[in-house]
Amino acid sequence: DSGVTQTPKHLITATGQRVTLRCSPRSGDLSVYWYQQSLDQGLQFLIHYYNGEERAKGNILERFSAQQFPDLHSELNLSSLELGDSALYFCASSVGNVGNTIYFGEGSWLTVV
Amino acid sequence: GQQLNQSPQSMFIQEGEDVSMNCTSSSIFNTWLWYKQDPGEGPVLLIALYKAGELTSNGRLTAQFGITRKDSFLNISASIPSDVGIYFCAGQDNTGKLIFGQGTTLQVKP
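Definitions and limits used
Residues numbered from 1 in each chain as written. Chains lettered and ligands numbered in written order. Predicted model: local features only at pLDDT ≥ 70, side-chain atom pairs only at ≥ 80, totals over all residues. Heavy atoms only, no water. Contact = heavy atoms within 4.5 Å. Buried area = accessible area lost by both parts, 1.4 Å probe. Salt bridge = Lys/Arg side-chain N within 4 Å of Asp/Glu carboxyl O. Polar contact = N/O pair within 3.5 Å; in protein donor to acceptor, adjacent residues only side chain to side chain. Helix = DSSP H or I, 4+ residues; strand = E, 2+ residues; numbered from the N terminus. Nonpolar A, V, L, I, M, F, W, Y, C, P; charged D, E, K, R; others polar. Buried < 20%, exposed > 50% of the residue type's maximum accessible area, 1.4 Å probe, protein only. Disulfide = S-S within 2.5 Å.

### A word on the interface of chain A and chain B
Contact residues are listed per partner, giving 24 residues for chain A and 22 residues for chain B. Between chain A and chain B, the buried area comes to about 1700 Å², and carbon and sulfur atoms account for 56% of it. Contact with chain B buries area across many residues of chain A, yet Leu43, Ile102 and Phe104 of chain A alone supply 28% of it, more than any other trio. If you look at where chain A meets chain B, you find 0 salt bridges. Scanning the region where chain A abuts chain B turns up 4 residue pairs in polar contact (both at pLDDT 80 or more). Contributing elements (two or more residues each) for the side of chain A that touches chain B: β4 (31-38), β5 (42-50), β9 (87-94) and β10 (103-104) of chain A. Examining the composition of the side of chain A that touches chain B, we find that 5 residues originate from one element, β5 of chain A, more than from any other. Along the lines of polarity and charge, the residues of the side of chain A that touches chain B split into 12 nonpolar, 11 polar and 1 charged.

Below you can see the structure in the form of structure tokens.
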């Protein structure tokens, strides 16, 4: 158990819908990262927050947004869902901003039908 | 998206054999991390490397941070069936972003 908690573990939804994925980082960690893993793209970086502020953005679609709250948990919002958004979405956390070990949660399986 | 070049893509070995995999990049990284992922689960951290030239061991695993900061290798000695899985290298840049290799799928024959 990495200490990073993600909910829900599995989610099935229809195209055009909106979902919210939730992440609680390890106790004491200030950084939260979101990654998308699909069969043909591997692990792709989406976005990084440190202590509530956005620090880096990857190839995150405009239909996706994220935020980190004052209690340091984070949410990833996915809207106008398409079939191609079906993937495993991972949250990871670390103590600092850079140069720290990054621990991953078990992921949220999203299936868009 | 941006990725590291990880090789080999897959390996099928006999139990007891040693395994070696590596990652190279055109970019310099400040940190190299090695993860193992089982199907449907999150990547589990194996080894973290923070300094160029650093050689670190974790049980039967040994990893090194290349002196140029553009490469890293992972060795597994005396493989066992539970070593089966996908191994990923990841380099962290100075924004904190972690870039992953494509993964090495390891299969071990008892």
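### Side note on the side chain of Asn77 of chain A
All names here are of chain A. Looking at where Asn77 falls in the secondary structure, it is placed in strand β8 (residues 74-78). On the basis of relative accessible area, Asn77 is assigned to the buried category, the value being 7%. Within the structure, the side chain of Asn77 is placed 2.7 Å from the side chain of Thr20, a separation counted as a polar contact. For Asn77, the contacting residues outside a window of four places in its chain are Arg18, Val19, Thr20, Arg63, Phe64 and Ser65.

### Thoughts on the state of the cysteines
Scanning all chains against the criterion turns up 2 disulfides over all chains. Covalently, Cys23 of chain A is tied to Cys91 of chain A through a disulfide, its sulfur atoms 1.8 Å apart. Disulfide Cys23 of chain A-Cys91 of chain A: torsion about the S-S bond near -55 degrees, hence left-handed. Taken together, the residues Cys23 of chain A in strand β3 (residues 19-24) and Cys91 of chain A in strand β9 connect sequence positions 68 residues apart. The burial state of Cys23 of chain A is the same as that of Cys91 of chain A; both residues are buried. Each sulfur in the disulfide pair Cys23 of chain B and Cys89 of chain B lies 1.7 Å from the other. Note on the Cys23 of chain B and Cys89 of chain B pair: the S-S dihedral is about -85 degrees, so by sign convention the disulfide is left-handed. With Cys23 of chain B in strand β3 (residues 19-24) and Cys89 of chain B in strand β9 (residues 85-92), this pair connects stretches of sequence that are 66 residues apart. Cys89 of chain B carries the same exposure label as Cys23 of chain B, and that label is buried.

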